[in-house]
Amino acid sequence: MNELNQLRSLLLHEEQEKLHLLQKELDTISSEFRTPELITNRLAPLFSSILKRSHKDNEALILEVFSPIVNTLIDKSYETSQDKIAKQIAPLISVAIKEQIKSQKDDVVDALYPVIGSMISKYVSKSLEEMLNSINQQIQSGLSFETLKRKIKAKSKGVSEAQLLLDENSSAKIRAILLIHKESGVVLAEAQDLHSPINEPEMVASMMTAIRSFVNDWIDKNESQSEIGEIEYGGSKIVIESGGHSYLAAIVDGPAYNKTYEKIRNTFETIVRDHGDDIREFNGDMRGFPNKEIYQKISLLLDNSSKKVEVKKLHPIIFLIPILLFTLFMWNQYLSNLNTSLKNNINETIYKSSLLTIYRIESQVNNGLVTLSGEVPFQFHKELAQDIIKNIDGVKNIDNKLIVLPTLNNPMQISSNLHYLVNGLNLDDGINITYIYNYPSVKIVGETWDISRKNKVIEKIKKIDGIKNIIDKIKILPPNLKQYIYFDSGSTEISKIQDKSLIDLIALLKRLDSNITVNIEGYSDNFGTTEANKKVVLDRAKNVAAFIKQYGSIVQEINTVGKNTIVDGVDAVNEPNKARCAIITLIYRENNVRI
Amino acid sequence: MFAYKIVMVGDFGVGKTSLVRRFVDNSFSEDYLSSIGVSMSKKQLTSVDGFNSTMMLWDIEGRTEYKQIFKQYLVGAKAFIIVADLTRPDTINSIDEHINLCLDSVADAPICIALNKSDLELRDTNFFDELNNLSENIISVHKTSAKEGNSVNEIFNKINNTIVEKF
């Protein structure tokens, strides 16, 4: 046995030593295994390398292994230290939201809309309630007939006065509602009031989308995250409620109140909540798009108007009819009095205007509307009449029906024509007239030498247009002639010196008509016998007559008289040559009666 | 039933408005062009497959040296018609820029190119291929004349058929 051991020692000495060392190493390891601290120290440096390697080789497996552990850890950590986690995550939330809004703004808007919309609604309702209370207090402290009426109504209906006030005033009427695709402007659904539909809703939607882009682009550059909310035009407005991928445009006639906005907002909230996905996915294909369901929702916004009409129909207005009729009668009486008074005023004003007095201008008055009728010669008169009455108190409007008749002569023109004509006529010897013009008549006064001149005057004046009546006050007054023809003592012959005077007289007589009589009286110086003188004076007159007849074929009759007296005013003793004469005068015979 | 928006793009004075006027049923006053830079028109169309469409045409103010195209108006378009004036080479040269602008707003939109005023330019144009190669989105290039009506209906029908097919 020893031998065997010796042999073993000889042959396996080296191996036995190694084995011994191995045993020693194993004991050390065994003892280390029983000491966890030592194992930890050994494995710790390798742990990260192992994980990295395993993750690289089989990622899924590692995730599978670690997920439950990590989840449990997080859950446990969340339960035990919520405050700590909240503090750690808080700074990240705002950054995360900002980032999300930046990249997926529309999705964020759609997600938040239902929540924020309700929140705003609640806030607005609360504010409105406070406002109502404030109004109520004010109303209770005021006192007037209106307040009293409202108080009774409120009591009978069992609602607050402020509510009544708001209800009375909130007559907003939604005429049309369009749900519009935000990017393309395509109408996704529409509802319209059939009594007053809008033309071309697609065009309106596109235009509105363009306007939104235009305005929002500007807003974006100035204030972030704001959008256009309302477009007003005349008494109407377009209320715009925007979501992420669509917006609701409500065309509202009349003022819109909180109730209106609230209704529109609630409806849009419902649409976004129920059909948000369909709207987001919309690409132009209307097939399968739930526009009918959306129509049912938005058409409810139109209902209030029809209800109001029904209420109105039931109103017992019939009791008011007698009062209305009486009021109407009294009103008419009042208007009639006003009309008469105004008409008198207008007629007086027109009459007082010297340029219009002569025309017959009629006026009719009806509740401030003045109708002028009649005829005037020029547009000037038509405008003048309108001008002078337009500032009279009570004249609201003028219907100027005055007819301009160019044939109707202007009195100014007639007067002017008369002036020129009369001046012209007066240039003629033997005419000396003037006129008194009183539209449409003219009175002619003055004198002419004879009838033919007078007739000429009348004929000429008749030719002036516009003169309706001529009042002839022209006297016939022959030339105021007293021609002396002197004779030598005892002679009846006409001396040569006197010829010229007589020839001038003949020339004058030729220009006169036959109604003039030439009267020739012969005189003497009273020397000699009376008998002889009687013959001399008659001969002197006759000789003058004979001379006139001999040298001129005149139409007038000649009357010769022998005056056996001295000419008035002549001293026959000292100036006998002046007493020996014949005196020629002219006399007018009216109606051919001889003198 | 389809409803979509298409936008007319091009330099100032190339005849976009005249092309639209030749084609549409109804349009808003062109005064809007000078106020907010866009005028709307509507056309009801039937595709070769028998589908009805409502095409809303946005005729936007042409680009000038001093005023660029308002990009917001391009958003949401289903297709673009880029118009150039055959008699003005500078308007043809800027087609490339317009294509980039359109595709920047709507990446996959089909584009038709209308070389307008063909009644004034009688020379043969040999740059069709070159234009076609500017972008994969170009579906066709037409020589049009708003004055004589040449190819006007074709270009809009082409756009409509392409859009309807895509659905």
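J.: Could you clarify how one ought to interpret the sheet that holds strand E12 (residues 469-476) of chain A in this entry?
T.: In sheet architecture, strand pairing relies on hydrogen bonds along the backbone and comes in two forms, parallel and antiparallel. Residue and element names in this part refer to chain A. Strand order in this open sheet of three strands is E10-E11-E12, and the pairing throughout is mixed. Whereas interior strands pair on both sides, the edge strands pair on one side only; in this sheet they are strand E10 (431-438) and E12. For this sheet the average axis-to-axis angle between neighbouring strands, irrespective of direction, equals 15°. Both strand E11 (residues 441-448) and E12 contribute to a ladder of eight bridges, which runs parallel. Each bridged residue has a counterpart across the sheet, and for Ser-441 the counterpart in E12 is Asn-469. On the sheet, helix H13 (residues 411-426) packs against E10 and E11 and is oriented at approximately 170° with respect to E10. Here helix H14 (residues 451-462) sits on the sheet in contact with E10, E11 and E12, set at roughly 160° to E12.

J.: Please clarify how the environment of Thr565(A) should be interpreted in this entry.
T.: Residues and elements named next belong to chain A. Structurally, Thr-565 can be placed in the loop between strand E15 (557-562) and helix H17 (576-579). Among the residues examined, Thr-565 registers 14 C-beta atoms within 10 Å and is labelled partly exposed. Along the sequence, Thr-565 and Thr-530 sit 35 residues apart, while their C-alpha atoms lie 9.7 Å from each other.

J.: Just to check I follow, could you spell out unusual backbone geometry for this structure?
T.: Excluding glycine, residues mostly carry a negative phi; peptide bonds, for their part, are mostly trans. If you check the backbone angles, Glu200(A) has positive phi at about 50° while not being a glycine. Residue Glu200(A) is classed as partly exposed on the basis of its C-beta count, with 15 C-beta atoms lying within 10 Å. In this model, Lys117(B) sits at a positive phi of 65°, which is unusual for a non-glycine residue. Within the fold, Lys117(B) resides in the loop between strand E6 (111-116) and helix H5 (128-132).

J.: Is there a simple way to explain the confidence of the model for chain A in this structure?
T.: One rule of thumb: low pLDDT means the predicted coordinates there are not for detailed reading. Across chain A, the average pLDDT comes to 82, with 92% of residues at 70 or higher. Long-range and interchain partners of residues 305-314 of chain A, a stretch whose pLDDT sits below 50, account for two contacts in this model, where long-range means more than four residues apart.

J.: Where do I start with the pairing of E11(A) in this structure?
T.: A regular strand places its side chains so that they alternate between the two faces of the sheet. Residues and elements named next belong to chain A. Pairing analysis gives eight bridges linking E10 to E11, with the strands arranged antiparallel. Bridged to Thr-434 within E11 is Val-445. Connecting E10 to the antiparallel partner E11 that follows it, the hairpin turn spans two residues. Each parallel crossover has a hand, and the one from E11 via H14 to E12 is right-handed.

Calculation notes
Residues numbered from 1 in each chain as written. Chains lettered and ligands numbered in written order. Predicted model: local features only at pLDDT ≥ 70, side-chain atom pairs only at ≥ 80, totals over all residues. Pairing = 2+ DSSP bridges. Helix = DSSP H or I, 4+ residues; strand = E, 2+ residues; numbered from the N terminus. Axes fitted to C-alpha atoms, helices over the stretch in contact; angles between N-to-C directions. Contact = placed C-beta atoms within 7 Å. Buried ≥ 20, exposed ≤ 12 C-beta atoms within 10 Å, placed from the backbone. pLDDT = per-residue confidence, 0-100. Right-handed = clockwise from strand over helix to strand, strands pointing away.

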